[in-house]
Amino acid sequence: MREFDFIARLRACAGDHETGLDLSDDAARYAPPAGCDLVLSTDAMQRGRHFRETDAPEIVARRVVAAAVSDLIAKGARPQGCLMSFARHPEWDDPWLEAFVVAFAAALKSFGLSLWGGDTIDGFGQIGLTVIGIVTAGKMVPRKGAQIGDDVYVTGTIGSAFLGLHGRADPVLDLYSDPAPPLGFAPALIDHASAALDISDGLAIDLDRICELSQVAMQIDVEAVPLCSAGEAYITDHSVANLIAGGDDYQVAFTAAPAHRAYFDAQAVQADIRLTRIGRVTAIKNNAQADFKMAAGGDLELTRRGFQHF
């Protein structure tokens, strides 16, 4: 399959032909609705680093889209379009590319995204996605802003992708192969979340980022961290620290004042997502980081707090 054959197949993902210009140009044009800000984010995935060399093209496509769109969701933004940079690996033959396009189109559709453009080159298996979303002007939820006394929440479950990567996926859903960022919950964050981010590199290291930027600390109840059934089984023989630092969850961690508990509980029901309050924001004692407290007393030992790219 030649480059332009691949691009022709990607036109199935183009959506609004006026915005993406039917992938026939080197650029796209987009006029956001009145009263909205643009929210933009970029994620890149490398074969053998962010997905396995043996992963099926369907898995690669779903992971690429989920990793990028989860950033928009954590900002309270509504996804609109994306630009893709695609470096074809020598082992990605025509059937691989065909399967990738089909799964990529389905993943984009599930999050309300259209492909607006990008670039295709011969390379070593790297795919980057720049996503564009919109949010009411001035309402994007930043990482910085957590206040002492705030509750700390997470959506979904923690460690499920780690389990899938290591062959111990939940029998209901493998969240490594098919991540599920909580798209329907994004609007709930806008008015009452004080800080938020997506959990991509690991719960501990990502909560640390909120702490560092907000100049606060957190006390997290280890037993409150939500696990899937496979996760509950895993910690009978292994440390829960592996799940907390595992990464690739693509869920949302956020902080909010206790006065909004009923609001967030109701919004979670409406969005049909699992929402768990796992701790609270505190003043800094030693470091601006999240401390994971065991029920029996003392801190959970975390030899690593999450994934670092370099």
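Residues numbered from 1 in each chain as written. Predicted model: local features only at pLDDT ≥ 70, side-chain atom pairs only at ≥ 80, totals over all residues. Heavy atoms only, no water.

Colleague: Please provide a residue-by-residue account of the overall build of the protein chain, values included.
Modeller: Broken down by element type, the protein chain carries 10 helices and 10 strands. Its C-alpha radius of gyration of 20 Å places the protein chain within 12% of the 19 Å reference for a compact globule of 310 residues. For the protein chain, the spread of C-alpha atoms along the principal axes amounts to about 60 × 50 × 35 Å. Looking at the protein chain as shown, the accessible area adds up to about 14,100 Å², and 51% of this sits on carbon and sulfur atoms. Looking at the protein chain, you have 26 positive and 41 negative side-chain charges, and the mean spots of the two groups are 4 Å apart. (Helix = DSSP H or I, 4+ residues; strand = E, 2+ residues; numbered from the N terminus. Rg over C-alpha atoms; globule rule 2.2 N^0.38 Å. Areas by Shrake-Rupley, 256 points an atom, 1.4 Å probe, with all protein chains shown as cover. Lys, Arg positive; Asp, Glu negative; His and termini not counted. Charge placed at Lys NZ, Arg CZ, Asp CG, Glu CD.)

Colleague: Describe in detail the sheet that holds strand S6 (residues 193–199), supporting the description with residues and values.
Modeller: The strand order across the open sheet built from 6 strands is S6-S8-S5-S9-S7-S10, with neighbouring strands paired in mixed fashion. Sheet topology places S6 and strand S10 (290–293) at the edges, where each strand pairs with a single neighbour. In this sheet, neighbouring strand axes are inclined to one another by 25° on average, regardless of whether the strands run parallel or antiparallel. Sheet topology note: the strand S5 (residues 151–155)/strand S8 (residues 251–256) ladder contains 4 bridges and is antiparallel. When the bridges of S8 are listed, valine 152 appears paired with threonine 255. (Pairing = 2+ DSSP bridges. Axes fitted to C-alpha atoms, helices over the stretch in contact; angles between N-to-C directions.)

Colleague: Tell me what's going on with the layout of surface pockets, and back it up with residues and numbers.
Modeller: A water-sized probe rolled over the atoms picks out the places where empty space is left. Space inside the largest pocket adds up to approximately 550 Å³. As for the largest pocket, its lining consists of 31 residues, and the residues nearest its centre are His50, Ser200, Asp201, Asp248 and Phe307. Those elements that place two or more of their residues in the lining of the largest pocket are strand S1 (36–46), helix H3 (57–74), helix H5 (160–165) and helix H7 (203–214). Here the element with the most residues in the lining of the largest pocket is S1; it accounts for 5 residues. By residue class, the composition of the lining of the largest pocket is 10 nonpolar, 9 polar and 12 charged. Counted as a void, the second largest pocket has a volume near 410 Å³. Surrounding the second largest pocket, 20 residues form its lining, Leu23, Asp25, Gly117, Gly118 and Asp119 being those nearest its centre. Elements with a contribution of two residues or more to the lining of the second largest pocket: helix H1 (3–10), strand S2 (78–88) and strand S3 (114–122). Tallying contributions element by element places S3 first for the lining of the second largest pocket, with 6 residues. (1 Å grid on protein atoms, 1.4 Å probe; cavity = no way out; pocket = protein on both sides within 12 Å on 5 of 7 lines; lining within 4 Å. Points joined across faces, edges and corners; volume = space filled by probe spheres on them. Nonpolar A, V, L, I, M, F, W, Y, C, P; charged D, E, K, R; others polar.)

Colleague: With reference to specific residues and values, describe the sheet that holds S1.
Modeller: One open sheet holds the 4 strands; their spatial order is S1-S4-S2-S3, and the pairing between them is mixed. With partners counted over all chains shown, the strands left at the sheet margins are S1 and S3, one partner each. Neighbour-to-neighbour, the strand axes of this sheet turn through a mean angle of 15°, independent of strand direction. Sheet analysis places S2 next to S3, joined by 8 bridges and oriented parallel. Pairing of cysteine 82 across the sheet is with leucine 115, part of S3. Sitting on the sheet, H3 touches S1, S2 and strand S4 (126–136), and the angle it makes with S4 is about 35°. Lying on the sheet, helix H4 (residues 94–110) is in contact with S2, S3 and S4; it crosses S2 at an angle near 165°. (Contact = heavy atoms within 4.5 Å.)

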